[in-house]
Amino acid sequence: MKLTFLGTGTSTGVPSIGCDCEACLSDDPKDKRLRVSILIEHADKKILVDTSIDFRQQALRAGIQKLDAVLITHCHVDHVFGLDDIRPLNFRYGAMGVYANDIAWQGLQQFFHYIFNPTHIGGGLPQLIPHTVVKNSPFCIGEDIEITPLEVIHGKLPVIAYRFNDFAYATDLKTIPQDSLDGLRDLDVLVLDCVRIKAHTTHLCLEEALEYIAELKPKRAFLTHLNHDIMYEREKHLLPDNVQFAYDGLVLTDD
Ligand SMILES: [Zn+2]
Ligand SMILES: [Zn+2]
């Protein structure tokens, strides 16, 4: 299993437009964050989690040439607004399997009305093969990756966290229901939401993220969806040994 962080920033990205705080002015590449997304690669399959608003730039930067599927966590702009940019992959490989929960599909049909109700003439449309995921109902992509969708709660919105064998990706959440907690145990890698140091109404803050990590006891944990409160070097002393801030371009492997 290989996990690449394509983006690790909160909805505005870091730097944030017009901001002159220390993090936004930082020269450290670990403080430059596109909107959150990861790429999972295993046994010749490539799976993208979220077509972020920065997807085109991320795909070019990571040299993505093919994807076998796209998984959507939830239908918020920062996570899905790059969906139109799967078109070059459609041109080469045909329609793409896209997985999302029912409420995310409702949102996607509103955001991307032109895809689902094409009315105009001319212009290539993204080609999707929609799949609806149901929490705690695993599915496979290829023969070697079992994917378990787990529901987490982002304010009031049910969001899907995805477990890939012994790796899991859980972003945009404030609480993890008990059945999903049970699905996040015995992990090699847990990637978890942590928007900032102080409390937030719909995301985990640092203290809450560390509490969940202490309870779930993954071998390693990585915090993502970071805003400009957090500088990689300045804040890393706040983390226990098995926890790290994720950064764009970071690659994790299990071998
Ligand atoms: Zn988000
Ligand atoms: Zn969100």
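Scroll up a little and you will see the structure.
The structure reproduced in this document is the subject of the present report. Every value quoted in this text rests on a predicted model; they were computed, and no experiment measured them.

### Some points on the coordination of the zinc ion (ligand 1)
Link 1 in the chain: Of the protein atoms, only D78 (OD), H79 (NE2), D172 (OD) and H225 (NE2) coordinate the zinc ion (ligand 1), at distances of 2.1 to 2.3 Å.
Link 2 in the chain: Between the four donor atoms coordinating the zinc ion (ligand 1), the angles at the centre fall across 88 to 163°, so the site counts as irregular.
Link 3 in the chain: In the primary structure, the donors to the zinc ion (ligand 1) are separated according to the pattern D-H-x92-D-x52-H.
Link 4 in the chain: Separating the zinc ion (ligand 1) and the zinc ion (ligand 2) is a distance of 3.4 Å, and D172 donates to both of them. Note that H79 is positioned in helix α2 (residues 77–80) and H225 in the loop between β12 (220–224) and α8 (232–235), a separation of 146 residues in sequence.
Link 5 in the chain: For H79, a relative accessible area of 0% puts it in the buried group.
Link 6 in the chain: On the accessibility criterion, H225 (1% relative accessible area) is buried.

### Here we look at the coordination of the zinc ion (ligand 2)
For a metal with four tetrahedral donors the ideal donor-metal-donor angle is 109.5 degrees, whereas six octahedral donors ideally subtend 90 or 180 degrees.
Link 1 in the chain: Surrounding the zinc ion (ligand 2) are the protein donor atoms H74 (NE2), H76 (ND1), H154 (NE2) and D172 (OD), at 2.2 to 2.3 Å.
Link 2 in the chain: For the zinc ion (ligand 2), the four donor atoms in the first shell make angles of 89 to 177° at the metal, so the coordination geometry reads as irregular.
Link 3 in the chain: One chain supplies every donor to the zinc ion (ligand 2), and in sequence these donors are spaced H-x1-H-x77-H-x17-D.
Link 4 in the chain: Judged by relative accessible area, H154 falls into the buried class, the value being 6%.

### Some details on the sheet that holds strand β5 (residues 96–100)
Link 1 in the chain: With mixed pairing, seven strands are arranged side by side in an open sheet as β6-β5-β4-β3-β2-β1-β14. This sheet does not close on itself; its edge strands, each paired only once, are β6 (128–132) and β14 (251–253). Within this sheet the neighbouring strands show an average axis-to-axis angle of 20°, counted without direction.
Link 2 in the chain: Where strand β1 (residues 2–7) lies against strand β2 (residues 37–42), five bridges are found, and the strand directions are antiparallel. Pairing of T4 across the sheet is with L39, part of β2.

### What to know about helix α7 (residues 206–216)
Link 1 in the chain: L206, A209, Y212, I213 and L216 are the residues of α7 that are buried. The buried residues of α7 occupy one face: seen down the axis, they fall within an arc of 130°.
Link 2 in the chain: Trailing α7 by a residue or two, K217 shows a phi angle of about 50°, which is positive.

### Some points on the pattern of salt bridges
Link 1 in the chain: The full count for this structure, using the stated rule, is 17 salt bridges.
Link 2 in the chain: Residue E22 pairs with R234 through a salt bridge whose shortest N-O separation is 2.9 Å. Pair noted here: E22 is in the loop between β1 and β2 and R234 is in helix α8, with a separation of 212 residues, a long-range link.
Link 3 in the chain: Judged by its relative accessible area of 34%, R234 is partly exposed.
Link 4 in the chain: Put simply, E208 and K174 hold a salt bridge, and the shortest N to O gap is 2.9 Å. Here K174 lies in the loop between β10 (167–170) and α6 (178–183) and E208 lies in helix α7, a separation of 34 residues in the sequence.
Link 5 in the chain: E208 gets classed as partly exposed once you look at its relative accessible area, which sits at 22%.
Link 6 in the chain: Connected through salt bridges with shared partners, the residues K2, E41 and K46 form a single ionic network.

### A closer look at the pairing of strand β9 (residues 157–164)
Link 1 in the chain: Most of β9 sits inside the fold, with six of its eight residues counted as buried.
Link 2 in the chain: In textbook terms, the turn of a hairpin is the stretch between consecutive antiparallel strands, and for strand β8 (residues 145–154) and β9 this stretch comprises two residues, one of which, G155, has a positive phi near 70°.
Link 3 in the chain: Relative to β10, β9 runs antiparallel, the two sharing three bridges. Bridged to F164 within β10 is F167.

Cut-off values and rules
- Residues numbered from 1 in each chain as written.
- Chains lettered and ligands numbered in written order.
- Predicted model: local features only at pLDDT ≥ 70, side-chain atom pairs only at ≥ 80, totals over all residues.
- Heavy atoms only, no water.
- Donors = N, O, S within 2.8 Å, 3.2 Å for Na, K, Ca; no water.
- Tetrahedral: all angles 85-135°; square planar, octahedral: opposite > 155°, others 65-115°.
- Helix = DSSP H or I, 4+ residues; strand = E, 2+ residues; numbered from the N terminus.
- Buried < 20%, exposed > 50% of the residue type's maximum accessible area, 1.4 Å probe, protein only.
- Pairing = 2+ DSSP bridges.
- Axes fitted to C-alpha atoms, helices over the stretch in contact; angles between N-to-C directions.
- Arc of directions from axis to C-beta.
- Salt bridge = Lys/Arg side-chain N within 4 Å of Asp/Glu carboxyl O.

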